Amino acid sequence: MSRASAALPPLNLRAVPGVLGQIVAQRAGDYEAADPELGPQRSAQRRFETALRLGSQEAGPLSLIAEVKRASPSQGAIAPLDPVKAALAYQDGGASALSVLTEPRHFDGHLDFLRAVVGAAAIPALRKDFVVHPAMLREAAEAGAAAALLMVSVLGEATGAYLEMASHLGLDALVEVHDDRELDLALATGARIIGVNNRDLTTLHIDLAVSPRLIRRARDAGFEGLLVAESGYRTPADVTQVRGLADAVLVGSSLAGSGDLTRAARDLMER
Ligand SMILES: O=P(O)(O)OC[C@@H](O)[C@@H](O)c1c[nH]c2ccccc12
């Protein structure tokens, strides 16, 4: 089915508070005039999902998604990483998949970084951005990404529609939640991969207890997909808190700022 005539799912971005509200308003402005047409349907590859599953068999029960992250609103500049070198270093360090920031103003990311990483790395890559327009998913697919981030805090009731668009494009989706209400919404959409962000993106406050709690809640609700613990992991002891619970951890700042990305990835995961 072509989506040429499909209505843009309405988003209520003005209701998004704090730092996150500011970023998504800017992103919506960037894509205001973009073509919402997704183009032809692409078959599901499930490369991201498969990599996380394999990673958690081969390298112990927890996979690593390592993030190419040069800056953030909480830390400012982290490190002037060369995205391709960083991606290959993470791959050598045992990462199962990569996350590449493409948001330019607050995270010093770029879509070109994603293209370059996809061209160089063997492991699949996720487009990490504040998706507020279908064109952002089309770009992700065209850049060769295996997956895209969808944030329930941003997309709200439109999360399901964005999940369908990702699926039309053959992309896996990491559906991100931070509280009970968002988790319930994600579960209702039929998401196959749910990420629990320990960081409240409206205040930037991190609480490592959020992931274990919501991951348990998802499993108790009968969720059989993959669960990813996101943000704030700095030491092996931090990671231990989600061993036996999460299928994967998503780590950016502590690896990106370490100076030796391969070693930092191995050390963090105790490999
Ligand atoms: O750098 P950290 O604390 O290891 O976090 C990585 C990742 O979870 C974080 O970058 C992130 C999670 N969700 C997001 C949404 C948008 C931008 C960034 C993010």
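All values derive from a computational prediction rather than experimental measurement.

So, helix α3 (residues 83-92)
Moving on, step 1. Three or more residues of α3 are buried, namely P83, A86, A87, A89 and Y90. For α3, the angular spread of the buried residues around the axis is 165 degrees, confining them to a single face. Of the residues in α3, the exposed ones pointing more than 90 degrees away from the buried face are K85 and D92.
Moving on, step 2. In this structure, the buried residues of α3 make contact with β1 (63-68), β4 (97-101), α5 (111-120), α12 (253-256) and α13 (261-269).
Moving on, step 3. Where α3 begins, the side chain of D82 points an oxygen toward the backbone nitrogen of V84, at a separation of 2.9 Å.
Moving on, step 4. Positive backbone phi, at 95 degrees, marks G94, one or two positions downstream of α3.

Considering unusual backbone geometry
Moving on, step 1. Of note, L204 is a non-glycine position whose phi angle comes to about 70 degrees, a positive value.
Moving on, step 2. Tracing the chain through its elements places L204 in the loop between β8 (193-197) and α10 (210-220).
Moving on, step 3. Unlike most non-glycine residues, E270 shows phi in positive territory, near 55 degrees.
Moving on, step 4. Residue classification places E270 among the exposed residues on the basis of a relative accessible area of 53%.

Observations concerning the site of the ligand
Moving on, step 1. The environment of the ligand is formed by 18 residues, the closest being E67, E176, S231, G252 and S253.
Moving on, step 2. Within the side chain of K69, one N or O atom sits 2.7 Å away from an oxygen atom of the ligand.
Moving on, step 3. Protein contact buries 99% of the 440 Å² of open area that the ligand shows by itself.
Moving on, step 4. Where the shell around the ligand is concerned, the elements lending two or more residues are β6 (147-151) and β10 (248-251).
Moving on, step 5. Here the shell around the ligand is composed, by residue class, of 7 nonpolar, 5 polar and 6 charged.

As for the packing of aromatic side chains
Moving on, step 1. Evaluated as defined, the whole model comprises 1 aromatic pair.
Moving on, step 2. Ring geometry for F107 against F130: centres 5.7 Å apart, planes inclined by 35 degrees, an arrangement best described as tilted. Note that F107 is positioned in helix α4 (residues 104-107) and F130 in the loop between β5 (125-128) and α6 (134-142), a separation of 23 residues in sequence. As far as the burial class goes, F107 and F130 line up, both buried.

Some remarks on helix α1 (residues 18-30)
Moving on, step 1. With 13 residues, α1 extends 19 Å between its outermost C-alpha atoms, agreeing within 8% with the 18 Å of an ideal straight helix rising 1.5 Å per residue.
Moving on, step 2. Of the residues making up α1, those classed as buried are L20, G21, I23, V24 and R27. The arc that holds the buried residues of α1, viewed along the axis, is 165 degrees, so those residues lie on one side.
Moving on, step 3. Residues of α1 that are buried make contact with α4, β5, α6, β6 and α7 (152-155).

About the criteria used
- All residue numbers refer to positions counted from 1 along the written sequence of the respective chain.
- Confidence filtering applies because this is a predicted model: local features only for residues at pLDDT of at least 70, side-chain atom pairs given and counted only at 80 or more, and all residues used for totals across whole chains, interfaces and linings.
- Computation of side-chain values covers all heavy atoms of the structure but excludes hydrogens and water.
- Only protein chains enter the area calculation, which uses a 1.4 Å probe; residues under 20% of their type maximum are buried, those over 50% are exposed, and those in between are partly exposed.
- Note on conventions: DSSP H or I runs of at least 4 residues are helices, E runs of at least 2 residues are strands, and numbering of each starts at the N terminus.
- Working definition: the arc comes from the directions between the helix axis and the C-beta atoms, pointing outward to the latter.
- We call two residues in contact whenever any of their non-hydrogen atoms come within 4.5 Å of each other.
- Polar contact is the term for a pair of N or O atoms within 3.5 Å; when the atoms are in protein, one must be able to donate a hydrogen and the other to accept it, and sequence-neighboring residues count only if both atoms are side-chain atoms.
- Residues are counted as near a molecule or strand when any one of their heavy atoms sits within 4 Å of it.
- Areas reported as accessible are Shrake-Rupley estimates using a 1.4 Å probe. Residue values count occlusion only from the protein chains shown.
- Note on residue categories: nonpolar means Ala, Val, Leu, Ile, Met, Phe, Trp, Tyr, Cys or Pro, charged means Asp, Glu, Lys or Arg, and polar means any other residue, Gly included.
- Any Phe, Tyr or Trp ring, taking Trp's six-membered ring, that has another such ring centre within 6.5 Å forms a pair; planes under 30 degrees apart are called stacked, those over 60 apart edge-to-face, and the others tilted.
- Helices are assigned an expected span. That span is 1.5 Å times one less than the residue count.

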